[in-house]
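# Working through the structure, step by step
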Amino acid sequence: MEGGKWWRSRWREVVVLLLGLALSGAEGSIHEYNGGTFTPQMNAFFFHGGSEGIYASKGGNSSNGKSFIQFESITFRRTKNSAARHTEMEQRTGRIEAIIVEIKDREKIGGAYLNSDAICCTTELSKDGSCRRGEVIVRKNTDNLEWPKRIPTFFSGADDEAKMATETVEIDHTGMYYLYFMFCEPQLQGTVIHGKTIWRNPTGYLPGKMVPLMTFYSFMSLAYLILGLIWFLQFVRFWKDILQLQYYITVVIALGMFEMALWFFEYANFNSTGIRPIGITVWAVTFTAVKKTVSRLLLLVVSMGYGVVRPTLGGITSRVSLLGFIYFVASETLELIENVGNIDDFSKKVRLFLVLPVAVLDACFILWIFSSLSRTLEKLQMRRSMAKLELYRKFTNSLAISVLLSIVWIGYELYFNASDPLSELWERAWLIPAFWSVLAYLLLLVICILWSPSQNPTRYAYSEETGDDFDDEESVALTSSASKASGDLESRAERKERRPAGPEHVFGPGENLEEDKVA
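Residues numbered from 1 in each chain as written. Predicted model: local features only at pLDDT ≥ 70, side-chain atom pairs only at ≥ 80, totals over all residues. Heavy atoms only, no water.

### A word on the overall build of the protein
Under the convention used in this document: Helix and strand labels come from DSSP, where a helix needs a run of H or I of at least four residues and a strand needs a run of E of at least two; each type is numbered from the N terminus. When accessible area is computed with a 1.4 Å probe and restricted to protein chains, residues below 20% of their type maximum are described as buried, those above 50% as exposed, and intermediate ones as partly exposed. By the convention used here, residues are in contact when the closest approach between their heavy atoms is within 4.5 Å. Methods summary: accessible areas were calculated by the Shrake-Rupley approach with a probe of 1.4 Å, and residue burial reflects only the protein chains presented.
Secondary structure assignment for the protein yields twelve helices and twelve strands. Scored against the burial criterion, the 519 residues of the protein give a buried share of 45%. Partitioning the contacts of the protein with sequence separation of at least 6, the portion at a separation of at least 24 is 80%. Summing over all exposed atoms, the protein offers an accessible surface of approximately 27,100 Å²; the carbon and sulfur share of this is 60%.

Here it is as structure tokens:
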């Protein structure tokens, strides 16, 4: 019962998030606050205004090279009861502070250096002049006395609203910056925040950890373009001898080309405007989900020997299609939630709820692919189709290497996330998604090389005739021993003598069809 309630609650959160994203649009380096509430922590109340990796401003007077955090239209609204405690004659009747801190200076917020767990200065702590009562304890950096940055805003008299002055804080040091709005007075409980902050890097509004990805996607777009061009030339050159499988490979190359191009344009637009337009982002996410799904299906059908040892998938087509459809839905949902809107909008439990199905389905693909490869290799060995067997051995080795690399990288990714909960290593974070894109490209490149269009595609194609399995090229001896080679030739001659005159034989269509039914 408890497990069922957990799953239902997670589903509700996902549905609400998807509806919210569809109705609101996508925000990026422009952080909007619409009625955000303050959370109690020790003896303070805080609201997390955002966190981003920011590169230091570049030299020169041009605003294009400046990095900054800009406060616009920030308004604090307290409760009527809180405002009623004061009169119009009073001047400062409530204090809220905006605190900007670089993550390496996080210990400078609060009373840790005073051997206290307090965040706000108390009467006891203020006695030695270390801090002022009612303010957040901030110890200045000895290398730069202006940091951590503190910007106070005050309520006046009995007003229930306080407006923060528009202010721009320039960033002159590369680092991960956190913004908090905090107050110390319990009477301000129930206060909400409205407005927005704008975060900018020297090259644009793209968050620091995403800046290298824009360059990466431009290179990947070029890589897919080169691969697509070479494949197209080969495709046109041997268009009369094209296999069905090579059409599917062409589709995957085209999807990869569009995927990388869309991500590059999405990041470029994000960088210039500070907002992720939901239209381009959804298209990029959808192409990613479609390409991931089709790529996995391609690996699966190749592993099953489609077009090589079997002409069709037969009765398992529906199961393959169902697995592909489920994977697309799960992958599309995860990509939408992670890329459309603010990633901080959903909890770690919801993220786990979305990641788990994709991970389980990936495991299903891997198990099915390798089990199918094992059967295909066994079938080719029995038929002594040596050219096809060599082809599939190369494919199996490449796939095994990619799986091993994936396992190693997943381990590194888990270590990276566990050892860096505060994103201090944000400048390296782009390598995590980049690795998977490069690995997918290399695996596709291997398939393109192995199944490249050629003048003699029938040596790798499925054939109902026995000659295809026992031609001179594929009946190469397993060893270079002269005695084994002569013995092999003799055995082939004996088989020819014993072969019946009819069209059916031990490796004929009848057995192929039976094996397909079993598969």
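### Observations concerning the packing of aromatic side chains
Any pair of aromatic rings gets described here by the distance separating the centres and the angle formed by the planes. Defined as follows: The rule is short: rings of Phe, Tyr and Trp, with Trp giving its six-membered ring, pair when the centres are within 6.5 Å, and they are stacked under 30 degrees, edge-to-face over 60, tilted in between. Geometrically, a charge over a ring is one whose NZ (Lys) or CZ (Arg) sits within 6 Å of the ring centre while staying within 35 degrees of the ring normal.
For the coordinates displayed, the defined rule picks out 30 aromatic pairs. Pairing Trp263 with Tyr267 gives two aromatic rings, centres 6.1 Å apart and planes at 90 degrees, and the pair type is edge-to-face. Here Trp263 and its partner Tyr267 are both found in helix 5 (residues 244-273), four residues apart, which amounts to about one turn of the helix. Neither Trp263 nor Tyr267 differs from the other in exposure class; each is buried. Over the aromatic face of Trp147 sits the side chain of Lys149, whose NZ or CZ is 5.6 Å from the ring centroid. Here the basic side chain of Arg200 rests over the ring of Tyr205, its NZ or CZ set 5.3 Å away from the ring centre.

### Details of the nonpolar core
Stated formally: In this text, buried Ala, Val, Leu, Ile, Met, Phe, Trp, Tyr and Cys residues form a nonpolar core when linked through side-chain atoms within 4.5 Å.
Among the nonpolar cores identified, the biggest contains 65 residues, and Ile249, Tyr267, Tyr392, Phe395, Leu444 and Trp451 are the most heavily contacted of them. Every element with two or more residues in this core is listed here: helix 4 (211-237), helix 5, helix 6 (278-303), helix 7 (317-339), helix 8 (348-383), helix 9 (386-419) and helix 10 (431-450). The element best represented in this core is helix 4, accounting for eleven residues. Not counting chain neighbours up to four residues away, the residues in contact with Phe395 comprise Leu299, Val302, Ser303, Leu373, Ile447, Leu450 and Trp451.

### Structural notes on the state of the cysteines
Note on terminology: a disulfide is the covalent bond linking the sulfur atoms of two cysteines. Filter applied, for reference: By convention in this document, the label disulfide applies to cysteine sulfur atom pairs within 2.5 Å.
For the structure on display, the rule yields two disulfides. A disulfide bridge connects Cys120 with Cys184, and the sulfur atoms are separated by 2.0 Å. Handedness here is read from the sign of the S-S torsion; for Cys120 and Cys184, about -85 degrees, the answer is left-handed. Linking Cys120 in the loop between strand 6 (92-102) and helix 3 (123-126) with Cys184 in the loop between strand 10 (175-183) and strand 11 (192-200), this pair joins segments that are 64 residues apart in sequence. Judged by its relative accessible area of 2%, Cys120 is buried. Look at Cys184 and you get buried, because its relative accessible area is 11%.

### Some details on the sheet that holds strand 3 (residues 39-41)
Operational definition: Two strands pair if DSSP finds at least two bridges between them. Axes here refer to lines fitted to C-alpha atoms; in helices the fit is confined to the stretch in contact. Angles between the N-to-C directions go from 0 to 180 degrees.
Strand order in the open sheet formed by five strands is 3-4-10-6-7, and the pairing between neighbours is antiparallel. Here the strands that pair on one side only, and so sit at the sheet edges, are strand 3 and strand 7 (149-156). Going from strand to strand, the sheet's axes swing by 35 degrees on average, the running direction of each strand aside.

### Here we look at the pattern of salt bridges
The criterion, for reference: One side-chain nitrogen of Lys or Arg within 4 Å of one carboxyl oxygen of Asp or Glu is enough to make a salt bridge.
Within this structure, the stated rule accounts for 16 salt bridges. As a salt-bridge pair, Arg95 and Glu135 come within 3.5 Å of each other at their nearest N and O atoms. Residue Arg95 is located in strand 6, and its partner Glu135 is located in the loop between helix 3 and strand 7; the two are separated by 40 residues in the primary sequence. Each member of the pair Arg95 and Glu135 is classed as buried. In this structure, the salt-bridge partner of Glu424 is Arg106, at a minimum N-O distance of 3.5 Å. Taken together, the residues span a long stretch of sequence, with Glu424 in the loop between helix 9 and helix 10 and Arg106 in the loop between strand 6 and helix 3 at a distance of 318 residues. Classification of Arg106 as partly exposed rests on a relative accessible area of 35%. Bridged by salt links that share partners, the residues Arg95, Glu97, Glu135 and Arg150 form one connected network.

### Section: the packing of helix 9 against helix 10
Inclusion rule: What sets the label is the angle itself: under 35 degrees gives roughly parallel, over 145 gives roughly antiparallel, 65 to 115 gives roughly perpendicular, and the rest give oblique. Amino acids are sorted into nonpolar (Ala, Val, Leu, Ile, Met, Phe, Trp, Tyr, Cys and Pro), charged (Asp, Glu, Lys and Arg) and polar (every other residue, Gly among them).
Contact geometry for helix 9 and helix 10: axes closest at 11 Å, N-to-C directions at 180 degrees. In terms of their interaxial angle, helix 9 and helix 10 are classed as roughly antiparallel. Touching Leu391, Lys394, Phe395, Ser398, Leu399, Ser402, Leu405, Ser406, Trp409, Ile410, Tyr412 and Glu413 of helix 9 are Leu431, Ile432, Phe435, Trp436, Leu439, Leu443, Val446, Ile447 and Leu450, all from helix 10. Its residues assigned to classes, the contact of helix 9 with helix 10 comprises 16 nonpolar, three polar and two charged.

### Digging into the packing of helix 4 against helix 10
Contact pair helix 4 / helix 10: the axes reach a minimum separation of 11 Å and the direction vectors enclose 5 degrees. In terms of their interaxial angle, helix 4 and helix 10 are classed as roughly parallel. Only Pro433, Ala434, Ser437, Val438, Tyr441, Leu444, Leu445 and Cys448 of helix 10 make contact with helix 4, whose side of the interface consists of Leu213, Phe216, Met220, Ala223, Tyr224, Leu227 and Trp231. When the residues that make up the contact of helix 4 with helix 10 are grouped by side-chain class, the tally is 14 nonpolar, one polar and no charged.

### Examining the side chain of Lys291
Structurally, the position occupied by Lys291 is in helix 6. Residues in contact with Lys291, not counting those within four places in the same chain, are Tyr224, Leu255, Gly256, Glu259 and Ala440.

### Here we look at the confidence of the model for the protein
Rule in force here: pLDDT measures how confident the predictor is about each residue, on a scale from 0 to 100.
On average, residues of the protein score 80 in pLDDT, and 78% of them reach the 70 mark or higher. In this model, residues 6-28 is a region of pLDDT below 50 whose contacts with residues beyond four sequence positions or in other chains number 41 contacts. Below a pLDDT of 50 lies the segment residues 343-347, which in the model reaches eight contacts outside its immediate sequence neighbourhood of four places, other chains included.

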